[in-house]
Amino acid sequence: MEYDALLVLSFGGPERPEDVLPFLENVTRGRGVPPERLAEVAEHYLHFGGVSPINALNRDLIAAVEAEFARTGIELPIYFGNRNWHPMVEDTVARMRDDGIGSALVFPTSAWGGYSGCRQYDEDIARARAAAGERAPELVKLRQYFDHPLLIEAFADAIRAAVRGLPDDRRDRARLVFTAHSIPVSADVAAGPPADGGHLYSRQVVDAARLCAAATGFEDFDVVWQSRSGPPQVPWLEPDIVDHLEALSAKGIDAVVVCPVGFVSDHLEVIWDLDNEAREKAAELGMAFARAGTPGPDPRFAELVTELVREHLADIAPRRLGEAPGYGCTTNGAPCATGCCEPARRPA
């Protein structure tokens, strides 16, 4: 199959204070989230001037991929669409249709499986194509890339840099802690094709953490979670990063390196939950704290995107390091497999 373009598909975020509540209403539509909870989360955004960094980071990524395409001879225009805020993916796919794009590859800014990490992007694609009508382009989503060598290398270098940021007398005893976005336990159970036994998301996160730890010479590490939401009676993946710091301190650990392995760039969850809440907790505990950077600005991330594209253009075999299964490459919003990450199998 020949392709005419690349679509970068992301979550979206507000870029002005007046965008914050409408954006959050888009994110939580149909979930019954009370207004007071939206107001609480809105304060996180307003703390940073009402601007999420995600759209700017994605525009920087697109510029880097365009440069990498030019360097490697790939002649594909790049489009940008979001699920929850402008540019909305429905508008972007309609523009692609009007520009005469017949088929395109889709790069989702999530490396993972599971409903939120993969299947919801399939739904975005299907919804956008339905809105565009009969002349909607064919859209082929690129595969999950949680264990791509370039991603692991970028995280490994970020971990090394974070270690160097610790006080000299604490570096050798620092604990390496990986974080990823928490999800409801029931959603993790349902993640992946039923025949694979579920828990695809958490298995992939642990696999990526293992690879990053091995690349940086850490024999021991922890995997914890962050950014949970929803009612307290619904079990989510635990422990939370802040609770875990308290547990480490109780064991006498006085230095940590935190790597947000579940995020490809410094989303608001990273800078709020880690650079603010977790860092403040560490200071309260007398614990040296260093946070590894995310790979999005690293030139290797643009190379990763380009390599995923070349897998389709030149029939190149995928490069993978992990042991956990990987899926995600589907056409026009189809699921990876029958029953894979079914919305009906996740909690309301």
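Preceding block: the structure.
Residues numbered from 1 in each chain as written. Predicted model: local features only at pLDDT ≥ 70, side-chain atom pairs only at ≥ 80, totals over all residues. Heavy atoms only, no water.

(A) Highlighting empty space enclosed by the protein. Under the criterion given, the structure shown has one cavity of 30 Å³ or more. Volume-wise, the largest cavity comes out at about 40 Å³. Forming the walls of the largest cavity are Pro108, Ser110, Trp112, Gly117, Cys118, Lys141, Leu142, Arg143, Gln144 and Tyr145. Counted by class, the lining of the largest cavity contains five nonpolar, three polar and two charged residues. (1 Å grid on protein atoms, 1.4 Å probe; cavity = no way out; pocket = protein on both sides within 12 Å on 5 of 7 lines; lining within 4 Å. Points joined across faces, edges and corners; volume = space filled by probe spheres on them. Nonpolar A, V, L, I, M, F, W, Y, C, P; charged D, E, K, R; others polar.)

(B) Region of the structure containing the nonpolar core. Counting 64 residues, the largest nonpolar core has Leu6, Phe107, Ile159, Phe178, Tyr201 and Phe301 as the members making the most contacts within it. The next biggest cluster of nonpolar side chains, apart from the first, holds 16 residues, and it includes Leu9, Ala104, Val106 and Ala136. (Core = buried A, V, L, I, M, F, W, Y, C linked by side-chain atoms within 4.5 Å. Buried < 20%, exposed > 50% of the residue type's maximum accessible area, 1.4 Å probe, protein only.)

(C) Local environment of the sheet that holds strand 7 (residues 255-259). Strands sit in the order 6-5-7-8 across an open sheet of four strands; the sheet is parallel. Where the open sheet ends on each side, the last strands, each with one partner, are strand 6 (222-226) and strand 8 (288-291). Adjacent strand axes in the sheet meet at a mean angle of 30°, parallel and antiparallel pairs treated alike. Two elements, strand 7 and strand 8, share four bridges in a ladder whose sense is parallel. Across the sheet, Val256 pairs through a bridge with Phe289, a residue of strand 8. In the packing of helix 8 (residues 200-216) onto the sheet, contacts are made with strand 5 (175-181) and strand 6, and the angle to strand 5 comes to roughly 150°. (Pairing = 2+ DSSP bridges. Helix = DSSP H or I, 4+ residues; strand = E, 2+ residues; numbered from the N terminus. Axes fitted to C-alpha atoms, helices over the stretch in contact; angles between N-to-C directions. Contact = heavy atoms within 4.5 Å.)

(D) Expanded view of the pattern of salt bridges. As enumerated under the stated definition, the model contains 30 salt bridges in all. A salt bridge links Asp254 to Arg173; the shortest N-O distance between them is 2.9 Å. Residue Asp254 is found in the loop between helix 9 (241-250) and strand 7, and its partner Arg173 is found in the loop between helix 6 (149-164) and strand 5; the two are separated by 81 residues along the sequence. Its relative accessible area of 46% is what places Arg173 among the partly exposed residues. Of the charged contacts in the structure, one is a salt bridge between Asp207 and Arg210, with a shortest N-O distance of 2.6 Å. (Salt bridge = Lys/Arg side-chain N within 4 Å of Asp/Glu carboxyl O.)

(E) Spatial organisation of the packing of aromatic side chains. Inspection of every chain in the model, using the stated rule, returns 10 aromatic pairs. Relative to Trp272, the ring of Phe48 lies with its centre 6.3 Å away and its plane at 85°, an arrangement referred to as edge-to-face. In this pair, Phe48 is assigned in the loop between helix 2 (35-46) and helix 3 (54-72) and Trp272 in helix 10 (residues 268-284), connecting sequence segments 224 residues apart. Relative accessible area serves as the criterion here: at 16%, Trp272 is assigned to the buried category. A cation over an aromatic ring shows up here: Arg83 above the ring of Tyr121, its NZ or CZ 4.4 Å from the ring centre. (Phe/Tyr/Trp six-rings, centres within 6.5 Å; stacked < 30°, edge-to-face > 60°. Lys NZ or Arg CZ within 6 Å of the ring centre and 35° of its normal.)

(F) Broad picture of the sheet that holds strand 3 (residues 103-108). Spatial ordering of the open sheet is given by 2-1-3-4, a layout of four strands whose pairing is parallel. Because the sheet does not close on itself, it has two edges, and the strands there are strand 2 (78-82) and strand 4 (138-141). On average, adjacent strands in this sheet sit at an angle of 30° to one another, irrespective of strand direction. Sheet topology places strand 3 next to strand 4; four bridges connect them, and they run parallel. Residue Val106 lies in a different strand from strand 4, and its bridge partner there is Lys141. Along the sheet, helix 3 makes contact with strand 1 (5-10), strand 2 and strand 3, crossing strand 2 at roughly 160°.

(G) Here's a closer look at the side chain of Asn58. Along the polypeptide, Asn58 turns up in helix 3. Looking at Asn58, the relative accessible area reads 4%, which means it is buried. Ignoring sequence-local partners within four residues, the contact set of Asn58 consists of Ser10, Phe80 and Thr109.

(H) Representation of the packing of helix 9 against helix 10 within the structure. Look at helix 9 against helix 10: their axes get within 9 Å of each other, and the N-to-C directions meet at 20°. Considering their axes alone, helix 9 and helix 10 lie roughly parallel with respect to each other. Between helix 9 and helix 10 lies a crossing whose hand is right-handed. Contacts between helix 9 and helix 10 involve Ile241, Val242, Leu245 and Glu246 from the first element and Leu274, Glu277, Ala278, Lys281 and Ala282 from the second. Within the contact of helix 9 with helix 10, the residues separate by chemical class into six nonpolar, no polar and three charged. (Parallel < 35°, antiparallel > 145°, perpendicular 65-115°, else oblique. Left-handed = near helix turned anticlockwise from the far one by under 90°.)

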